[in-house]
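These are the residues of each chain, in order.
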Amino acid sequence: MDSSLPLVLDRSGAGPLHLQLAEQFRAAIRDGRLQAGHRLPSTRELARDLVVSRSVAQAAYDQLHAEGWIEGRTGAGTYVADVVPLQPVERRRTKSAPAAREKLLSLRAGIPFIGGSADAGWRRAWREVSAQLPPPGYEDPTGLPALREAVAAHVGRVRGIACGAENVLITNGTIHGLRLVLSVRHRPGERIAIEDPGYVNAVVAARDQRLEVVDIGVDEDGLLVRELGDDLAAAYVTPSHQYPLGGRLPVARRNELIRWARRTGATLIEDDYDSEFRYDVAPLPALAQLDLDRVVHLGTLSKILSPALRLGWLVASTEVVDALAAYRENSGDWPAWPMQAAFLAMLRDGYLDQVIRRNRRLYADRRNLTCSVLAPYGRVVGQDAGLHITLLLPDSLDDLEVAARARAAGVVVAPLSEYRRSRPGPPGLVIGYARPTDEALQRALALLAGILGG
Ligand SMILES: Cc1ncc(COP(=O)(O)O)c(C=O)c1O
């Protein structure tokens, strides 16, 4: 061993010995005491010299090897490497969100209720998955064939869309499906109509694809179809519950929309994100029911079970599904097998229908409570369906300021102006009522009423 290198180990708790040793070698290489090509002692010699176990010496060398300071020549010893390795960037671990955030009552739109404990149907599905081995290969990039079949039956039953497995592609949720359609079917520079006010993530998806977003106005029934020009390549719409104003697009406008798409050849993208929840009103036909050749229909588990599952479905003509599948083949970008298998189990044993039925009752009550508490402070819209209502406020109020005051009082709500782009309209609050417990909802609404009335 090089006697000019004094190695001193502090055994009084100054840290693991192998790290101390590695650092002393690093320092010696850094300041030139050990030069490139210099032969280092074997781990056996080093251990003997320093009176440490050989595993300590080995661990120090392993670390230095991994960082590039030294290199081993098989059978010929260990040498100082010829390159001065880059110093690794020191990573500071940032603290996660402040604990105070957890105390806030969240009335953010679109988050479903998750009960206090896992129910039997949920556990059954995962037991079924855990009893299986994963498939050996990459599986079908469009989704598990049996799941596509089951989803086709599901949307046929609940949305009246006549389709088969060949029309279905399993996605990681609405936005995943939307991004896929936009990237495969559309070219940068094309124009896409998006509701204004509308879903911010859809706008971001279109802009990421370098499409030109054309803002189309909305009234309390939904999209103003008459505003759609003939030069558009696509339109993204939320006809079952306009996001965020909550309008349900009347049949006449749906027909008009289909006629527009047939005439122009544009892709009509139907975001059916919360259509499972509808209160005291008759169902309206899905756009995909009216013409699957012109419509790409997007469904999601995000509102039925949880957005954390990242699972949804896309229903379209076989021509569109085949094109998306061909793209996916080489992308590696499709939902993981366990989630798909669990979803299949939930569909087959009726668990999904059971959750929808149960939550429909729960949400109807929460919606009633929300409307009755907030009605004195503005005009409630969008209450016939979904997981949120919008409270339109008097023009004299600034909704950003109201939302900031609500937050300071402990309640998170979204100001309507966050959803607006170029179309002016009244201020408002977008209020999700599904997620909190009844008791938390009551508290949050009381706080909000205090702010609006104060
Ligand atoms: C309009 C709209 N579409 C879709 C979704 C759900 O998106 P995903 O399925 O990607 O979770 C949401 C969730 O907030 C939404 O507001």
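Starting afresh in each chain, residues are numbered from 1 along the sequence in its written order. For this predicted model, a pLDDT threshold of at least 70 governs which residues receive local features, and a threshold of 80 or more governs which side-chain atom pairs are given and counted, while totals over whole chains, interfaces and linings are taken from all residues. Hydrogens are left out, water is left out, and the side-chain values use all remaining heavy atoms of the structure.

Visitor: For this particular structure, what's the right way to read the pairing of strand S10 (residues 267-271)?
Guide: For a regular strand, side-chain orientation follows a simple rule: the groups alternate between the two sheet faces. Only protein chains enter the accessibility calculation, which uses a 1.4 Å probe; a residue is then buried when its area is under 20% of its type maximum, exposed when over 50%, and partly exposed in between. A run of DSSP states H or I qualifies as a helix once it reaches four residues; a run of E qualifies as a strand once it reaches two. Both are numbered from the N-terminal end. In terms of burial, S10 is a largely internal element, five of the five residues being buried. Burial along S10 is two-sided: the residues Thr-267, Ile-269 and Asp-271 and Leu-268 and Glu-270 are all buried. Bridge count for strand S9 (residues 234-237) against S10 is four bridges, and the pairing is parallel. Each bridged residue has a counterpart across the sheet, and for Val-237 the counterpart in S10 is Glu-270. Handedness of the S9-helix H9 (residues 251-264)-S10 crossover: right-handed. Examined bridge by bridge, S10 and strand S11 (residues 295-300) share four bridges and lie parallel to one another. Strand pairing requires that DSSP identify at least two bridges connecting the strands. Handedness of a crossover: with both strands directed away from the viewer, a clockwise path from the first strand across the helix to the second marks it as right-handed.

Visitor: Where do I start with the nonpolar core in this structure?
Guide: Across soluble globular proteins, nonpolar side chains have a tendency to be buried as a group. In this structure, Leu-257, Leu-268 and Leu-301 are the most contacted members of the largest nonpolar core, which totals 82 residues. Looking at which element gives the most residues to this core, the answer is helix H12 (residues 337-348), with nine residues. Should any heavy atoms of two residues lie within 4.5 Å, those residues are counted as being in contact. Leaving out residues up to four positions away in the same chain, Leu-268 has contacts with Ala-235, Val-237, Leu-257, Ile-258, Trp-260, Ala-261, Leu-287, Arg-294, Val-295 and Val-296. Joining through side-chain atoms within 4.5 Å is the link that ties buried Ala, Val, Leu, Ile, Met, Phe, Trp, Tyr and Cys residues into a set, and such a set is a nonpolar core. Of all hydrophobic cores here, the second largest spans 24 residues; its members include Leu-169, Ile-175, Leu-180 and Leu-211.

Visitor: Is there a simple way to think about the sheet that holds strand S14 (residues 388-392) in this case?
Guide: As a general point, the strands of a sheet are linked pairwise by backbone hydrogen bonds and lie either parallel or antiparallel. Spatially, S13-S14-S17-S16 is the arrangement adopted by the four strands of the open sheet, whose pairing is antiparallel. Edge positions in the open sheet fall to strand S13 (379-381) and strand S16 (414-415), since each of these has one partner strand only. Two elements, S16 and strand S17 (residues 428-432), share two bridges in a ladder whose sense is antiparallel. Each bridged residue has a counterpart across the sheet, and for Pro-415 the counterpart in S17 is Leu-429.

Visitor: Help me understand the pattern of salt bridges in this model?
Guide: Proximity of charged atoms lets side chains of opposite charge pair with each other. Put simply, a salt bridge is a Lys or Arg side-chain nitrogen that is within 4 Å of an Asp or Glu carboxyl oxygen. As enumerated under the stated definition, the model contains 24 salt bridges in all. With a shortest N-O distance of 2.9 Å, Arg-191 and Glu-212 are connected by a salt bridge. Taken together, the positions of Arg-191 in strand S6 (residues 191-196) and Glu-212 in strand S7 (residues 212-219) put the pair 21 residues apart, joining distant regions of the chain. Taking relative accessible area as the criterion, Arg-191 reaches 25% and is therefore assigned partly exposed. In this structure, the salt-bridge partner of Arg-253 is Asp-221, at a minimum N-O distance of 4.0 Å. Here Arg-253, found in helix H9, pairs with Asp-221, found in the loop between S7 and strand S8 (222-223); they are 32 residues apart in sequence, far enough to count as distant. A residue is classified by how much of its surface remains accessible, and Asp-221, at 36% relative accessible area, is partly exposed.

Visitor: Would you mind going over the packing of aromatic side chains with me for this structure?
Guide: For any pair of aromatic rings, the description consists of the separation of the ring centres together with the inter-plane angle of the planes. Side-chain rings of Phe, Tyr and Trp, where Trp is taken by its six-membered ring, are said to pair if the distance between their centres is within 6.5 Å; with planes under 30 degrees apart they count as stacked, over 60 as edge-to-face, and otherwise as tilted. For the coordinates displayed, the defined rule picks out seven aromatic pairs. For the pair Tyr-199 and Tyr-243, a centre-to-centre distance of 5.4 Å together with 85° between the ring planes defines the contact as edge-to-face. Here Tyr-199 is found in the loop between S6 and helix H8 (200-208), whereas its partner Tyr-243 is found in the loop between S9 and H9, with 44 residues between them in sequence. Owing to a relative accessible area of 24%, Tyr-199 belongs among the partly exposed residues under this scheme. Tyr-243 gets classed as buried once you look at its relative accessible area, which sits at 11%.

Visitor: Could you clarify how one ought to interpret the environment of Val-413 in this entry?
Guide: Note that Val-413 resides in the loop between strand S15 (411-412) and S16. Under the relative-accessibility criterion, Val-413 is labelled buried at 4%. Between the C-alpha atoms of Val-413 and Glu-139, which are 274 residues apart in sequence, the distance is 42 Å. When near neighbours in sequence (up to four residues on either side) are disregarded, Val-413 contacts Leu-107, Ala-403, Ala-406, Leu-429, Val-430, Ile-431 and Leu-448.

Visitor: Before we go on, may I ask you to explain the sheet that holds strand S3 (residues 78-80) in this structure?
Guide: Within the open sheet, the three strands sit side by side as S1-S3-S2. Their pairing is antiparallel. The sheet terminates laterally at strand S1 (39-40) and strand S2 (70-72), the two strands that pair on one side only. Direction of pairing for S2 relative to S3: antiparallel, over a ladder of three bridges. Looking at the pairing, Ile-70 lines up with Val-80 of S3. Along the sheet, helix H3 (residues 54-67) contacts S1, S2 and S3; its crossing angle with S2, the most-contacted strand, is approximately 105°. Between the N-to-C directions of two axes lies an angle of 0 to 180 degrees, each axis being a line fitted to C-alpha atoms and, for a helix, fitted only over the stretch in contact.

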